[in-house]
Amino acid sequence: MRIACPFCGERELGEFTYLGDAAPVRPTAFAADGAEQPDAQDLFFDYVYLRDNVAGDMDERWYHGGGCRSWLTVTRSTTTHEIKAVRAAAGAGAQKLAKAGATS
Amino acid sequence: MSRTSQISGDAAPLAFNEKPVADARPPRFVSAGTQSHRLSSGGQIDRKQPLGFTFDGKKMVGFAGDTLTSALVANGVKLIGRSFKYHRPRGILTAGAEEPNALVELRSGARREPNTRATTAELYDGLAAQSQNRWPSLRHDVMAVNSLFSPIFVAGFYYKTFMWPAKLWEKLYEPAIRRAAGLGKASGEADPDHYEKAWAHCDVLVVGSGPAGLAAALAAGRAGARVILAEEDNRLGGRLLSENGEIDGKPAAAWLADAQREIAGLANIRIMTRTAVFGVYDGGTYGALERVNDHVAVPPAHQPRQRLWRIVARRAIVAAGAIERPLVFPGNDRPGVMMASAVRSYINRFAAMPGRQVALFTNNDDGWRTAEAVQRAGASVAAVVDSRGVVPEAYRGLNLRQLGGVVSEVKGGVDGVRSIVVRDAAGRTQQIETDCLAMSGGWNPNVALSSFQRGRPIWRDDIAAFVPGQCPAGMVMVGAASGDFSLAACLREGHAAGTVAAKDCGAKGKAGEEPQGDDEGFAIKPLWHVEGGKAFVDFQHDVTASDVKLAQREGFESVEHLKRYTTLGMATDQGKLSNVNGLALMAEATGRDIADTGTTIYRPPYAPVAIGALAGHHRDENFHAWRLTPSHHWAAARGAVFVDTGLWKRAQWYPIAGEKDWLESVTREVRAVRSGVGFCDVSTLGKVDVRGPDAGTFLDRLYINTFSNLAVGKARYGLMLREDGLVYDDGTTSRLAEDHYFLTTTTAKAGPAMQHLEYCRQVLWPDLDVQLTSVTDQWAQFSIAGPNTRDLLKNLCDPAEDLSNEGFPFMGVREVSLRGGMRARLYRISFSGEMAFEIGVPARYGEAMAENLMRAGAEFGVTPYGTEALGVMRIEKGHVAGPELSGTTTADDLGLGKMMSKKKDYIGRAMAGREALVAPDRQVVVGIKPVNKTNRLRSGAHIIPKGAAPGPDTDQGYLTSVCYSPMLGHWIALALVERGRERHGEIVRAYDPLRGEDMEVEIASPVFYDPEGGRQRG
Amino acid sequence: MRYSIFSLAKAALSGHKGWTRAWRDPQPKKHYDVVIIGGGGHGLATAYYLAKEYGIRNVAVLEKGWIGSGNAGRNTTIIRSNYMLPGNTGFYELSMKLWERQEQDLNYNTMVSQRGIINLYHSDAQRDAFARRGNVMRINGIDAELLDAEQIRKVLPFLNYNNARFPVMGGLWQPRAGTARHDAVVWGYARAADSFGVDIIQNCEVTGFARDQNGRITGVETARGTIGASKVGMAVAGSTSRVAAMAGMRLPIESHVLQAFVSEAIKPLIPGVITFGAGHFYVSQSDKGGLVFGGDLDGYNSYAQRGNMPVMEDVCEGGMALMPMIGRVRLLRQWGGIMDMSMDGTPIIDRTPIDGLYLNAGWCYGGFKATPASGLVFAHLLARDEPHEEAKRFRLDRFRRGAMIDEKGQGAQPNLH
């Protein structure tokens, strides 16, 4: 498998490590007003343990530890391994890329 | 399809053609030397370069350009090996990688290679090969008695017996089966050769250099694409090396020479011979094995034996050709029965004559080429038996004994075929003398590479074969590999595919003219099985036609069940010859057609690959990288003993003359530190620079405790959880400036923690303005500990630095000037429980700093200490480390529950509250002392209540960390024990059946030494 | 027909024409007491024990392809019970005991071969961890020995003792562990279950669940029509999430690819099962002579049943580091299985929130060795509606309660287990 890192270009599988499904969104144990979420445990249980385990296209978290240390969101088929899209995580300079894209 | 004519009218019985046949020309054999079957002219061998070799010790001579089998053929050798199950004598069946029979042990000693296909082994001077799977000798093999039991040794017989009595399986049956099974013997010694790995990138990868491959490479190359042309043979040409034909009006050989010249002139085409592409992986990555030095006795100095290639190609054109299919008839496994195409290869390419009187058994037009080749070589054709009872138009002219019908028996012995019996449709038989029977059951396109990503091949009735189905992305199959066998079609498809692939890759040049070749027809009428005696489907595994029928009878009808029940296709030839015949027979037996019966799943590698090649240089001390601490060479010079921690080599202790064991050295180091001063390289701890206005907030969300309120110039111990609420890692973090923290992790978690931090920063909280830099390798960091630490530092630091308790309090951090002006970071933190500092300088000064510390501390008898003493002191202080941070403990289990902030969210907070993680009966960290102070404790011993019988219900915990405490004068331990905190003072058992120990121990506080902590604050 | 050397000899006289199907090829009935989805080792063993131990014989096993086409036919055939944590220890030992009498139970030679397993250690920390584990085994009545470097050298003289990057310091040995012929296990259970009247229905993919107005499962929709069932058990490791989704369930499971490898057949070279403690490599030698070996997961979610080169190379590097004598032995075949990776590395055997639907899943790569016990305890659950004594910790709600069984201490990160 080869992943086209938006910062480094296409690189070989061995440079990347895998975390998993990008769909689950981390809840918070506290509401915005600072009050503790009564159902925090249920929300986190779902976030930490339950997976759709998609057979088909899935957005995934990959880490380019052997390169630029960026976290990437990769759209990949779990049945064919075909990679359809690669995006940088929000905090990995996604905005910079967007700007670069806009200017070029 | 070419028109054909009946030998005699459609209606069986077919008349035998009785007219005597005269040989075209007298044979042209070399009589000289051992090569009784070598032709005096022709072939691509160099008669000026004789090469001596031995087979089972017998000296023979061949020529440069020979393979081991072509040399053996030239020497008239027929018997090469013994089959897997029945130990039947076997000869040479093919001339290629699909060979199931002619397997030998090549080379000797540590270089012995079992199961080497003699058909692909290039001959070299001094080559020594031995036959295998026989005892005492190839001719007289005791295990051949298995043939007598063959009525019982049918498919799957072993599943039905060897069950009584049960214990005899390991003692008697299995050892016997294991000895009998297997083929060659591995050397059992370390492989003395080297292997390499390499990457290659190209636009167009062309696999195979037959007419289709050459046409493709030429077209793509001319157009300007970057091409790699991979050929498993040692020279280009593929079947062109073994067939006669015309391309662009020239003899094939002449065209081949021109093509090679042109390719050599194109800088953008890379030719890789002796390179077999064995697999296709995701993203257009192809695995290939280059046999760099298998054609010489021993690789030259500094050269690898083989090289593993990872070829990344945007397009791949697979022109892997086709493999001729055996016919399944009684006696088809006798030495001297050979594939018709192999006979042509030996004659045309190697000028070696498999027989003087060759008979041919075919069900298709192509087989007839062999009759032509044999006659042209001047040997005689005993007869051509065509099960279709027809003579293809193209071969009408041949003056041959032509028979309709089938070969129903093959007579002969270990030295091969003596005669065959031909049976016509009326059951009339006739015996024909022959010393070589060539057979052709049609051709199987070599679809392997197209099927490795689960593309299922498609059945074509007109050629009675499977052709490629859905190919992996970027791959096309051309020529014979796609089921188009004529020379013209191969050239046409190759040229077209090369042109398209080049264009796809953006090449702008012209692909040139399409080469023109003969458009021979191909007609076949399948013949799947001739009834009679043992007819072999899988030669190497001795799977017969009746085995396939038995499997069907017992319900093993799926082709995968057939394969697994009979072992059909599981031999070293991976079913290249046997699979299609096997499933055709299964289709026949079930009444399904072949298309519905389907094929088994194709698995890489296409041809077996040496495990050493896949490992490359990653073996012995180079299996994994070494990481050396900044003071490594200094420590090594002092004779330190090193320990592997992850990839790091760390000083474990520093023995001095006269010390009898590690314990004595470690005890001395601990005493020296606790009574004076010592230092230890702690650079392996993970270090992360955390900067930005939101750095504090970031750390608050990461750790269970708070860092945003940490004063600048202060350090604090922190604990991280995983999101599931269990402890992840710990370490001290210092605040160097308002927006600048210096975070440390354990040595083991340095890498994973960095990944975790980046995840939190980039994915979870991208809104935070914070940056992370891993600086683990930038700092040489030493822990300096002991009552004299401050005195040592006075000698080391600029006198202006105030190191007093007031000027540099416990947990204080700041940058200081050393004597000579160099800047360093000083952290007043203690892992040992002594008055201690850690000092950090740029990594390149590691050794110099170690020497400075020795100088500065000389007057106080400063002692360098290793990881063992470090461990002893942390156990004495009850500090948790790796064995307690097991990934299954909570903060409270470690006695750190109080650190969990109630005021904020942090990673793991919510899940940490789950009932089972806050249960009162959890195992928590305690100290353990032996009741009898002379007893030695051992990690891994379990805690059993006094008086209780050891069992699942009385197992209450275990010793996690153990050491001899020089301070207490006896062994101590940390342990995880059920409800341990309530049980201080209780006497329990430390139960260690593995080491036959069982002793009374007392549960105690984990802090054995200076519980008030006065020493580190002093 | 009963199998024995005598029946073989008798059959030989008639050219083996007398053998009948090892199991029938029946048409599905309208309704069964229990329908088991998945004709792998676990599903077939479940049917066998339902019939034999619990007297429930109106049972069908539905297989979408050919029986044993999943992980039962794609593993490295190792059996062992060297587990450490409560829940696992007793369960895998129950399995080991069932292996030890399986051939006589089934009248089928599944080639259970107790040649032992040695887990090598290369550091003090690893030794201590193995000591903890070995002592748990002994406390639970399981055989275990801690061997030092010298003892290892005696039994495995071919390891690299000269210039290894991570020298062998010793190993944890379970003499009763070993291997079994994976396909034979499937066929043996199929034949034995069939002899009790269990219907084994191949090429019968389940496409959905039939449910009544209360949501209770009443049967399954299949490629061959609706089949009624009072209870439905899922034993479809590798496809668990896909089948569960048909019932609207999300589970703490991910599907990952695990590769395995076999070499050309060679004469006996390796005595038992060996695992490398400093790299991802474990190996045994089949009775046919092939070295059967494997290593780590590829590491990404996959249903593709095939892996990539980095792991193939990593495994061979481990092999060469441990036993450089295999350098010239050739890799013959590589394949990939889909592992049902649970969030704590431990299986799930439990009722589901859906009435009438039962779950047997999350086997990670420990499924083969568990086959007999998995069948027995799942049969118990289906028959009695309560967990078997040895499976009471494999509950689905353990993740919610925080009672994970995490041998490796890796947490909710399936590809690290």
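Residues numbered from 1 in each chain as written. Chains lettered and ligands numbered in written order. Predicted model: local features only at pLDDT ≥ 70, side-chain atom pairs only at ≥ 80, totals over all residues. Heavy atoms only, no water.

A. Up close: the interface of chain C and chain B. Taken residue by residue, the interface counts 110 residues in chain C and 124 residues in chain B. Together chain C and chain B conceal approximately 9,700 Å² of surface at their shared face, both sides included; 57% is due to carbon and sulfur atoms. Ranking the residues of chain C by area buried against chain B places Arg 165, Lys 267 and Arg 328 of chain C at the top, with a combined share of 11%. For the pair chain C and chain B, the interface holds 12 salt bridges. Measuring nitrogen to oxygen at the nearest pair gives 2.6 Å for the salt bridge that ties Lys 197 of chain B to Glu 317 of chain C. (Contact = heavy atoms within 4.5 Å. Buried area = accessible area lost by both parts, 1.4 Å probe. Salt bridge = Lys/Arg side-chain N within 4 Å of Asp/Glu carboxyl O.)

B. The nonpolar core, seen in detail. With 191 residues, the main nonpolar core has Leu 68, Leu 205, Phe 329 and Phe 361 of chain B as its most contacted residues. Top element by residues in this core is helix α10 (residues 367-384) of chain C. It accounts for 9 residues. If sequence neighbours within four positions are ignored, Leu 205 of chain B has contacts with Ile 228, Ala 230, Tyr 286, Ile 311, Ala 313, Arg 315, Ala 316 and Ile 317 of chain B. Judged by nonpolar contacts, the second largest core, of 87 residues, contains Ala 89 of chain A, Phe 707 and Ile 907 of chain B together with Ala 361 of chain C. (Core = buried A, V, L, I, M, F, W, Y, C linked by side-chain atoms within 4.5 Å. Buried < 20%, exposed > 50% of the residue type's maximum accessible area, 1.4 Å probe, protein only. Helix = DSSP H or I, 4+ residues; strand = E, 2+ residues; numbered from the N terminus.)

C. Spatial organisation of the packing of helix α2 (residues 41-54) of chain C against α10 of chain C. All names here are of chain C. Look at α2 against α10: their axes get within 7 Å of each other, and the N-to-C directions meet at 45°. With respect to each other, α2 and α10 are oriented oblique. Pair α2 / α10 crosses with right-handed handedness. (Axes fitted to C-alpha atoms, helices over the stretch in contact; angles between N-to-C directions. Parallel < 35°, antiparallel > 145°, perpendicular 65-115°, else oblique. Left-handed = near helix turned anticlockwise from the far one by under 90°.)

D. Spatial organisation of empty space enclosed by the protein. Going through the model one piece at a time under the given rule, you end up with 10 cavities of 30 Å³ or more. Taken as a whole, the largest cavity spans an internal volume of roughly 420 Å³. Along the walls of the largest cavity sit 23 residues, with Gln 574, Gly 575, Lys 576, Asn 579 and Tyr 602 of chain B positioned nearest its centre. Broken down by secondary-structure element, the contributors of at least two residues to the lining of the largest cavity are β27 (443-445) and α12 (579-590) of chain B together with β16 (330-342) of chain C. Around the second largest cavity, the lining is made up of 24 residues, and of these Arg 117, Thr 120, Arg 291 and Asp 294 of chain B together with Arg 330 of chain C lie nearest the centre. Taken together, the elements giving at least two residues each to the lining of the second largest cavity come down to β7 (113-117), β14 (275-281) and β33 (609-610) of chain B. (1 Å grid on protein atoms, 1.4 Å probe; cavity = no way out; pocket = protein on both sides within 12 Å on 5 of 7 lines; lining within 4 Å. Points joined across faces, edges and corners; volume = space filled by probe spheres on them.)

E. Representation of the sheet that holds strand β44 (residues 813-817) of chain B in the model. All names here are of chain B. If you walk across this open sheet you meet the 6 strands as β44-β45-β46-β43-β37-β47, and the pairing is mixed. Bordering the open sheet on either side are β44 and β47 (863-864), each of which pairs with just one other strand. Bridge count for strand β45 (residues 823-827) against strand β46 (residues 836-842) is 3 bridges, and the pairing is antiparallel. Opposite Tyr 827, over in β46, you have Glu 838 as the bridge partner. Helix-sheet contacts for helix α20 (residues 846-857) involve β37 (678-681), β43 (779-785), β46 and β47, and the interaxial angle to β43 is about 20°. (Pairing = 2+ DSSP bridges.)

F. The pairing of strand β23 (residues 406-413) of chain B, seen in detail. All names here are of chain B. Most of β23 sits out of view: 6 of its 8 residues are buried. Judged from the 7 bridges that link them, β23 and strand β24 (residues 416-423) form a sheet pairing that is antiparallel. Considered in β24, the bridge of Gly 412 is made with Val 417.

G. Summary view of helix α3 (residues 168-180) of chain B. In this model, α3 of chain B (13 residues) spans 17 Å end to end at C-alpha, consistent with the 18 Å of a helix rising 1.5 Å per residue. The largest bend in α3 of chain B comes to about 40°, at Glu 174 of chain B, with the proline Pro 175 of chain B one to four residues further on. Residues of α3 of chain B that are buried: Trp 169, Tyr 173, Glu 174 and Arg 178 of chain B. Where α3 of chain B is buried, its residues contact β14 (282-285) of chain C. (Expected span 1.5 Å × (residues − 1). Bend = angle between axes of the 7 residues up to and from the residue.)

H. Region of interest: a nonpolar patch on the surface. Residue and element names in this part refer to chain B. Where nonpolar side chains cluster on the molecular surface, the patch consists of Val 145, Leu 148 and Phe 149 and spans about 310 Å² of accessible area. Within the secondary structure, Leu 148 is located in helix α2 (residues 146-149). Residue classification places Leu 148 among the exposed residues on the basis of a relative accessible area of 68%. (Patch = residues over 30% accessible without salt bridge, like charges linked within 9 Å, V, L, I, M, F, W, Y side chains within 5 Å. Areas by Shrake-Rupley, 256 points an atom, 1.4 Å probe, with all protein chains shown as cover.)

I. Representation of the interface of chain B and chain A. The interface of chain B with chain A comprises 32 residues on the first partner and 29 residues on the second. Here chain B packs against chain A, burying approximately 2,400 Å² in sum over the two surfaces, 55% of which is carbon and sulfur. By the criterion of area lost to chain A, the three top residues of chain B are Asp 282, Gln 755 and Gln 762 of chain B, representing 24% of everything that side buries. Counting across the interface, chain B meets chain A through 3 salt bridges.

J. Just the sheet that holds strand β25 (residues 429-433) of chain B, in detail. Residue and element names in this part refer to chain B. In spatial order, the strands read β23-β24-β25; together these 3 strands make up an open sheet with antiparallel pairing. Here the strands that pair on one side only, and so sit at the sheet edges, are β23 and β25. If you compare each strand with its neighbour and ignore which way they point, the axes differ by 25° on average.

K. Region of interest: the pairing of strand β40 (residues 727-737) of chain B. All names here are of chain B. With 9 of 11 residues buried, β40 lies mostly within the body of the structure. Bridge count for strand β39 (residues 714-721) against β40 is 8 bridges, and the pairing is antiparallel. Its bridge partner lying in β40, Ala 715 is registered against Ser 734. Hairpin connection between β39 and β40: a loop of 5 residues separates the two successive antiparallel strands, and Gly 725 in this loop has a positive phi of roughly 95°. In the sheet, β40 pairs with strand β41 (residues 740-745) via 4 bridges, with the strands oriented antiparallel. Directly across from Ser 734, in β41, lies its bridge partner Phe 742.

L. Region of the structure containing the pattern of salt bridges. Here the structure, examined in full by the defined rule, presents 104 salt bridges over all chains. Taking the shortest distance from any N to any O, the salt bridge between Arg 400 of chain C and Asp 42 of chain A comes out at 3.0 Å. You can see Arg 400 of chain C sitting in helix α11 (residues 398-401) and its partner Asp 42 of chain A sitting in helix α1 (residues 40-49), one on each of two chains. Under the relative-accessibility criterion, Asp 42 of chain A is labelled partly exposed at 42%. Between Glu 801 of chain B and Arg 814 of chain B there is a salt bridge, with its nearest N and O atoms 3.2 Å apart.

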